Amino acid sequence: MKFLFFLTSIFWYFNCHAQPDSTKILRAFPITNYILELNDSTKLVQLEIPDTAVLKFSNKQIGILWGVYNKKNEDIIQKGYVKCQLVKGNFYYFAVTNIQHEAVIKEGDLIYTFLHKTTIYDGMLPKLAAHFIRLKDVYEKPFYDRYLIFLEWTKEEEQEQIDSMVRDIRFTGKYFIENNPSIDKPIKNGKYAGKQTLTVMTECESADLVDFFNYVLARPRIYAGKEWKISEIFATWLSEGAPTVISDNSK
């Protein structure tokens, strides 16, 4: 039980604080629809890792299974502890124990586990990908691959994709102002209070996007394991007052 308490404490530390400079990173991976009941207290779940990811889990890899947000906050609960029991090619099988009595294990639930860091640029987008979050443009084109980003990623690539997201948000805001202005909403609080959501979108800058990413990384549970159009979730954040994270440096 001391080990389980330690693992849980470390997990919450990484979610509530900035990633420390260490040799490992906490990453999430979605389970498939292969869910086998071994006994009353243990289930077996499966990860499928593509060849292109070029990663392997260590023998008896441990982690935590979390639910992903669907329609209510109650979906995002810690469901149990996992340990790798079998490897068959690209498939990894984890036993789930200490299953919470209210937890229903489902396809897409996330196994969080520690892996060694790679030498990529440790920017905002790899941090989002570590929660298996994928951002897309208005035409559904992804800005990055959630596996490949950990193999090669530079500061230049990061800035290029952030600039592309800014253009996408501006384009979307302008499009709806011209074609469907009725969906616009006034922002009632926060630093954009008094402005219209779509107007702020047309004026989006990289700094605004960084504020949003910091918010997502501070509260990743709602976004983890999903694909999102950046313009849609950015607009939602604005309409809710664009809550931001206050860093220690700002105190």
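Thresholds applied
- By convention here, each chain's residues receive numbers from 1 onward along its written sequence.
- Only residues with pLDDT of at least 70 are given local features in this predicted model, and only at 80 or more are side-chain atom pairs given and counted; all residues enter the totals for whole chains, interfaces and linings.
- No hydrogens and no water enter the side-chain calculation; it runs on all heavy atoms of the structure.
- Only runs of H or I of at least four residues qualify as helices and only runs of E of at least two qualify as strands under DSSP, and these elements are numbered from the N terminus.
- Polar contact is the term for a pair of N or O atoms within 3.5 Å; when the atoms are in protein, one must be able to donate a hydrogen and the other to accept it, and sequence-neighboring residues count only if both atoms are side-chain atoms.
- Any pair of Phe, Tyr and Trp rings, taking the six-membered ring for Trp, is counted once the centres come within 6.5 Å. Such a pair is stacked with planes under 30 degrees apart, edge-to-face with planes over 60 apart, and tilted for the rest.
- Burial here depends on accessible area, computed with a 1.4 Å probe over protein chains only, as a share of the maximum for the residue type. Under 20% is buried, over 50% is exposed, and the range in between is partly exposed.
- Only lysine NZ and arginine CZ atoms are considered, and such an atom sits over a ring when it is within 6 Å of the ring centre and within 35 degrees of the ring normal.
- Nonpolar cores are built from buried Ala, Val, Leu, Ile, Met, Phe, Trp, Tyr and Cys residues. Side-chain atoms within 4.5 Å join them into one set.
- Should any heavy atoms of two residues lie within 4.5 Å, those residues are counted as being in contact.
- Counted as salt bridges are all cases of a side-chain nitrogen of Lys or Arg within 4 Å of a carboxyl oxygen of Asp or Glu.
- In this analysis, the expected span of each helix is defined as 1.5 Å times one less than the number of residues it contains.

Enquirer: Describe the side chain of Gln78, listing the residues and the values that go with them.
Expert: Residue placement: Gln78 occurs in strand S4 (residues 78-88). A polar contact of 3.3 Å, which involves the side chain of Gln78, links it to the side chain of Tyr81.

Enquirer: Could you give an account of the packing of aromatic side chains, naming the residues involved and the relevant values?
Expert: Tallied over the entire structure, the rule returns 15 aromatic pairs. With a centroid separation of 6.1 Å and an interplanar angle of 40 degrees, the aromatic rings of Phe212 and Phe213 are classed as tilted. Here Phe213 falls in the buried class, since its relative accessible area comes to 0%. Linked through ring pairs, Phe29, Phe57, Tyr92, Phe94, Phe132 and Tyr147 together constitute an aromatic cluster. Note that Arg27 overlies the ring of Phe150, its terminal NZ or CZ placed 3.8 Å from the centroid. The positively charged end of Arg221 is found above the aromatic ring belonging to Trp66, 4.7 Å away from the centroid.

Enquirer: Explain the nonpolar core to me, using residue names and the numbers behind them.
Expert: Membership of the largest hydrophobic core comes to 38 residues, with the highest contact counts inside it found for Leu135, Tyr144, Leu209, Phe212, Phe213 and Ile230. Looking at this core, the elements with two or more residues in it are helix H2 (124-129), helix H3 (155-179), helix H4 (197-202), helix H5 (206-218) and helix H6 (230-239). Ignoring sequence-local partners within four residues, the contact set of Leu135 consists of Leu128, Lys141, Pro142, Phe143, Tyr144, Met165, Phe213, Trp228, Ile230 and Ile233. Listed in part, the 28 residues of the second largest apolar core include Ala28, Ile49, Leu65 and Ala224.

Enquirer: Summarise the pattern of salt bridges; cite the residues concerned and give the values.
Expert: Considering all chains together, one arrives at eleven salt bridges under this definition. A salt bridge links Lys79 to Asp109; the shortest N-O distance between them is 2.8 Å. Of the two residues, Lys79 sits in strand S4 while Asp109 sits in the loop between strand S5 (91-97) and strand S6 (110-116), which places them 30 residues apart along the sequence. Since its relative accessible area comes to 5%, Lys79 is described here as buried. Residues Glu227 and Arg146 are paired through a salt bridge, measuring 3.1 Å at the closest nitrogen-oxygen approach. Highlighted residues: Glu227 in strand S8 (residues 227-229) and Arg146 in the loop between strand S7 (134-136) and H3, separated in sequence by 81 residues. A single salt-bridge network, built from bridges that share partners, covers Arg134, Lys136, Glu140, Arg146, Glu227 and Lys229.

Enquirer: Lay out the environment of Thr236 with the relevant residues and their values.
Expert: By secondary structure assignment, the location of Thr236 is in helix H6. Residues Thr236 and Lys185, spaced 51 residues apart in sequence, show a C-alpha to C-alpha distance of 9.8 Å.

Enquirer: I'd like a rundown of H5, residues and numbers included.
Expert: Along its 13 residues, H5 runs 18 Å from first to last C-alpha, staying within 8% of the 18 Å computed at 1.5 Å per residue. When we look at burial in H5, the residues that qualify are Asp208, Leu209, Phe212, Phe213, Tyr215, Val216 and Leu217.

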